[in-house]
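# Structure assessment
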Amino acid sequence: MSSSYHLSRVNPCFVTHNLALGGAQTAVLRYISALPEWVRERTTLYSQSDDMPLLDAAEKNGFSCGEVTREAPVDPSSWFLSYGDLSGLPQRPTSLVLHSWDDAGWRFINRAYDDLEGMAVAGVSQKVLDRYSDWAKEKNHDVVGVLTPPVSEFCSVKGQFDPKGRIVVGWMGRPLESKGLMTLPYLLEAEPRMVIRAWTGSDTAGLKYTQQTQAEALAKVKGLAEKLGVTDRLDIRPLDFNPFNYRHRLDGCHVLLGNSEKEGFLLTASEALSCGIPAVVTNTCGIADFIENGVNGYLIDWNSNPKKLAKTAAKALLKAATLSSVDCLSSAADLSLGANYAAANR
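Residues numbered from 1 in each chain as written. Predicted model: local features only at pLDDT ≥ 70, side-chain atom pairs only at ≥ 80, totals over all residues. Heavy atoms only, no water.

### Some details on the overall build of the protein chain
Here is the rule: Note on conventions: DSSP H or I runs of at least 4 residues are helices, E runs of at least 2 residues are strands, and numbering of each starts at the N terminus. Buried, partly exposed and exposed residues are distinguished by accessible area as a fraction of the type maximum, computed with a 1.4 Å probe on protein chains only: under 20%, between the cut-offs, and over 50%, respectively. In this analysis, two residues are considered to be in contact whenever any of their non-hydrogen atoms come within 4.5 Å of each other. Residue burial considers only the protein chains on display, and all accessible areas are found by Shrake-Rupley using a 1.4 Å probe. Asp and Glu are treated as the negative residues and Lys and Arg as the positive ones, with His and the ends of the chain left uncounted. In this description, the location of a charge corresponds to atom NZ of lysine, CZ of arginine, CG of aspartate or CD of glutamate.
The helix and strand tally for the protein chain stands at 13 helices and 13 strands. If one aligns the C-alpha atoms of the protein chain with their principal axes, the spans along those axes are about 75 × 45 × 40 Å. The buried share of the protein chain, reckoned over its 346 residues, is 52%. Put simply, of all contacts in the protein chain between residues at least 6 apart along the chain, 69% involve residues at least 24 apart. Accessible surface for the protein chain amounts to roughly 15,700 Å². Of this, 47% is attributable to carbon and sulfur atoms. If the 35 positive side-chain charges of the protein chain are averaged to one point and the 39 negative ones to another, these points end up 6 Å apart.

In structure tokens form, the structure reads like this:
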């Protein structure tokens, strides 16, 4: 080897504002897990908050990297930003992953990164990239494309479908009306065969205000279920903090419903596909690009009226429950750490 040969030092630092329960935080842990081992062992994960329940659960399930710290590292080779803040940190090559395409995400990105130029920018979906295309051009960023978060499972756990039997619908998310929460009791009223397994909980946030808002929404949906007489089929379960184990939430489901008003991606739907379970999602979710009507699920339009949204969703769910697990698995192969994700995205 020539003495002039030089191998650039690889010592990346992933920067996130916290490691509480959320899709963006879960994605960061999974991006790190998808790295080659020799890179992962040199990688630093820097959380700018001590709100880190996701990390505790992840480490119990085998997650590891070179270092996890709440103190800014002194000499990384590069920054990988996910809602983090680089103020006061030394200049390094910087990559930014955009997770959200709603107005709140837009305001944060513009405020937090207004002074940065020339970053390598990726989005979790094409919808996110499209929202920020003009912004990226204005700031001279290099848009490198879509970088979907990897899923953790690759298995087949769909329940055996009986046209005359129960239809088990999986639902996961924060208890918020924007996530389609209030649709669930109306779905049960519309379809007597349906059972909804809803993984949610009011403690899935760090801010007290958000916890209060979520608790109020949860009480509201329970009250509606009682009024409609469907509480025996609305199975509300506390959403755990494990970012690497979704299979137990989906085991036995026939279909997953993702009826949010707007999602940058919707990791729960991709997890369902990788477990052989079809997904019904709104067109305003980034994962919609992976859904093929009649093959691995169905797309529906968002409606702010929960009763109308339930009517649309019910028809799609009944059709989706009959779809093939094999087709769902095939559509998720490039999303799965257990299949082709590393080869497709590293």
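Text resumes after the structure shown.
### Overview of the packing of aromatic side chains
Put simply, the rule is: Aromatic pairing here means that ring centres of Phe, Tyr or Trp (its six-membered ring) are within 6.5 Å. Orientation follows from the plane angle: under 30 degrees is stacked, over 60 is edge-to-face, and everything else is tilted.
In the structure shown here, the tally under the stated rule is 8 aromatic pairs. Their ring planes at 65° and their centres at 5.4 Å tell us that Tyr83 and Phe108 sit as a pair that is edge-to-face. With Tyr83 in the loop between strand E4 (78-82) and strand E5 (94-98) and Phe108 in helix H4 (residues 103-112), the pair connects residues that are 25 residues apart, well separated along the chain. Seen in terms of ring centroids, Trp106 and Tyr132 are 5.2 Å apart; in terms of plane orientation they differ by 35°. Their pairing is tilted.

### Concerning the nonpolar core
As a rule of thumb, nonpolar side chains are buried together in soluble globular proteins. For the record, the criterion: Residues belong to a common nonpolar core when they are buried Ala, Val, Leu, Ile, Met, Phe, Trp, Tyr or Cys residues joined through side-chain atoms within 4.5 Å.
Ranked by internal contacts, the top residues of the largest apolar core, which has 70 residues, are Leu29, Tyr31, Leu45, Phe63, Trp135 and Leu250. If one sorts the elements of this core by residue count, helix H1 (residues 23-33) sits on top with 5 residues. If sequence neighbours within four positions are ignored, Leu29 has contacts with Leu19, Leu45, Leu54, Leu55, Ala58, Phe63, Pro243 and Phe244. Core analysis: the next-biggest nonpolar cluster, separate from the first, contains 33 residues, Trp171, Leu181, Ala316 and Ala320 among them.

### Structural notes on the environment of Thr26
Here Thr26 is to be found in helix H1. Judged by relative accessible area, which is 3%, Thr26 ranks as buried. Filtering out sequence-adjacent residues up to four positions away, Thr26 remains in contact with Leu54, Pro243, Tyr246 and Leu267.

### Structural notes on the sheet that holds strand E3 (residues 67-69)
Heads up, the rule is: Note: two strands are recorded as paired if DSSP finds a minimum of 2 bridges between them. Every axis corresponds to a line fitted to the C-alpha atoms, with the helix fit spanning only the stretch in contact, and the corresponding angles, defined between N-to-C directions, vary from 0 to 180 degrees.
Pairing in this open sheet of 7 strands is parallel, and the strands run E3-E2-E1-E4-E5-E6-E7 from one edge to the other. Across the chains shown, the open sheet's two edge strands, defined by having one partner strand only, are E3 and strand E7 (142-146). Pairwise comparison of adjacent strand axes, ignoring direction, gives a mean angle of 20° for this sheet. Inspection of the sheet shows strand E6 (residues 120-123) paired to E7 by 4 bridges, in the parallel sense. Note that in E7 the partner of Ala122 across the bridge is Gly145. Sheet strands touched by H1: strand E1 (12-16), strand E2 (44-47), E4 and E5. Its angle to E1, the strand with the most contacts, is close to 170°.

### Points about the state of the cysteines
The criterion, for reference: Criterion for a disulfide: a pair of cysteine sulfur atoms at a distance within 2.5 Å.
Within the structure shown, the criterion is met by 0 disulfides. Note on Cys65: no disulfide assigned, nearest cysteine sulfur contributed by Cys13 at a separation of 9.3 Å. Judged by relative accessible area, Cys65 falls into the buried class, the value being 18%. Distance from the sulfur of Cys155, which forms no disulfide, to the nearest cysteine sulfur (Cys275) is 3.7 Å.

### Section: the sheet that holds strand E9 (residues 194-200)
Pairing within the open sheet is parallel, and its 6 strands lie in the order E10-E9-E8-E11-E12-E13. The open sheet is flanked by strand E10 (234-238) and strand E13 (297-300), the only strands paired with a single partner. Strand-to-strand, the axes of this sheet are offset by a mean angle of 20°, without reference to chain direction. Strand direction decides the pairing type here: strand E8 (residues 167-172) and E9, joined by 6 bridges, are parallel.

### Thoughts on the pattern of salt bridges
Which entries qualify depends on this criterion: Here, a salt bridge means any Lys or Arg side-chain nitrogen found within 4 Å of an Asp or Glu carboxyl oxygen.
This model, assessed by the stated rule, comprises 11 salt bridges. In this structure, Arg30 and Glu271 form a salt bridge, with 2.6 Å as the shortest nitrogen-oxygen distance. Within this pair, whereas Arg30 is found in helix H1, its partner Glu271 is found in helix H10 (residues 267-274), the two being separated by 241 residues in sequence. Assigned by exposure class, Arg30 and Glu271 land together as buried. Taken together, the shared-partner salt bridges in this structure form one network comprising Arg9, Asp75 and Arg92.

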